[in-house]
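Close look at the chain arrangement
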Amino acid sequence: MSSRRSSRSRPSAPSMITDDQINDLVSKLHQLLPEIRNRCSDKVSAARVLQETCSYIKSLHREVDDLSERLSELLDNTDSTQASIIRSLLMQ
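Below or above, wherever it landed, is the structure these notes cover.

Calculation criteria
- Residues numbered from 1 in each chain as written.
- Predicted model: local features only at pLDDT ≥ 70, side-chain atom pairs only at ≥ 80, totals over all residues.
- Heavy atoms only, no water.
- Helix = DSSP H or I, 4+ residues; strand = E, 2+ residues; numbered from the N terminus.
- Buried < 20%, exposed > 50% of the residue type's maximum accessible area, 1.4 Å probe, protein only.
- Contact = heavy atoms within 4.5 Å.
- Areas by Shrake-Rupley, 256 points an atom, 1.4 Å probe, with all protein chains shown as cover.
- Axes fitted to C-alpha atoms, helices over the stretch in contact; angles between N-to-C directions.
- Parallel < 35°, antiparallel > 145°, perpendicular 65-115°, else oblique.
- Left-handed = near helix turned anticlockwise from the far one by under 90°.
- Patch = residues over 30% accessible without salt bridge, like charges linked within 9 Å, V, L, I, M, F, W, Y side chains within 5 Å.
- Salt bridge = Lys/Arg side-chain N within 4 Å of Asp/Glu carboxyl O.
- Lys, Arg positive; Asp, Glu negative; His and termini not counted.
- Charge placed at Lys NZ, Arg CZ, Asp CG, Glu CD.

With respect to the overall build of the protein
When its secondary structure is counted, the protein shows four helices and zero strands. Start at the N end of the protein and walk to the C end: the helices and strands fall as α-α-α-α. Expressed as a percentage of the 92 residues in the protein, the buried residues total 14%. Within the protein, counting contacts between residues at least 6 apart in sequence, those at least 24 apart form 4% of the total. A total of about 7700 Å² of accessible surface is found on the protein, and carbon and sulfur atoms cover 53% of it.

Here is the structure:
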């Protein structure tokens, strides 16, 4: 990955991460991302994987916000007994 590192398999300090570890982590991210995983090509740059990861996390945040808003609206329009039951189920 980087020519600045003198060792590919052993980090020079305990907090350093090796190129092999970075490649392994990028590969794992690649497998988790639906946008990349569903494409035909297995060869995707690490930069692309990281960009797609950021985009995917942002979309998940938007989805959580949307679902939270919809749940709040649902609870606001539900009687207090049912809303209490739903809240207690969500807290489990």
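Continuing now.
Quick notes on the side chain of Thr53
Relative to the elements of secondary structure, Thr53 occurs in helix 3 (residues 46-76). Residue Thr53 is classed as buried on the basis of its relative accessible area, which comes to 12%. Among all residues touching Thr53, those that are not within four sequence positions of it are Leu29 and Leu33.

Some words on the packing of helix 1 (residues 19-32) against helix 3
When two helices pack together, their arrangement is given by the angle between their axes and by how far apart the axes lie. At a minimum axis distance of 10 Å, the contact between helix 1 and helix 3 shows a crossing angle of 50 degrees. Between helix 1 and helix 3, the angle falls in the class oblique. Remark: the crossing between helix 1 and helix 3 carries left-handed chirality. In contact with Val26, Leu29 and His30 of helix 1, helix 3 contributes Ala46, Val49, Leu50 and Thr53.

Some details on a negative patch on the surface
Taken together, the side chains of Asp65, Glu69, Glu73 and Asp76 present a region of like negative charge at the surface. By the element assignment, Asp65 lies in helix 3.

Side note on the pattern of salt bridges
Under the definition given, this model contains three salt bridges. Here Lys28 ties to Asp24 by a salt bridge, and the two come within 3.3 Å at their closest N and O atoms. Here Asp24 and Lys28 lie together in helix 1, a separation of four residues that amounts to about one turn. Owing to a relative accessible area of 45%, Lys28 belongs among the partly exposed residues under this scheme. For Asp66, the salt bridge is made with Arg70, and the minimal N-O distance between the two is 3.8 Å. Within this pair, Asp66 and its partner Arg70 are both found in helix 3, separated by four residues, close to a single helical turn. With a relative accessible area of 37%, Asp66 lands in the partly exposed category.

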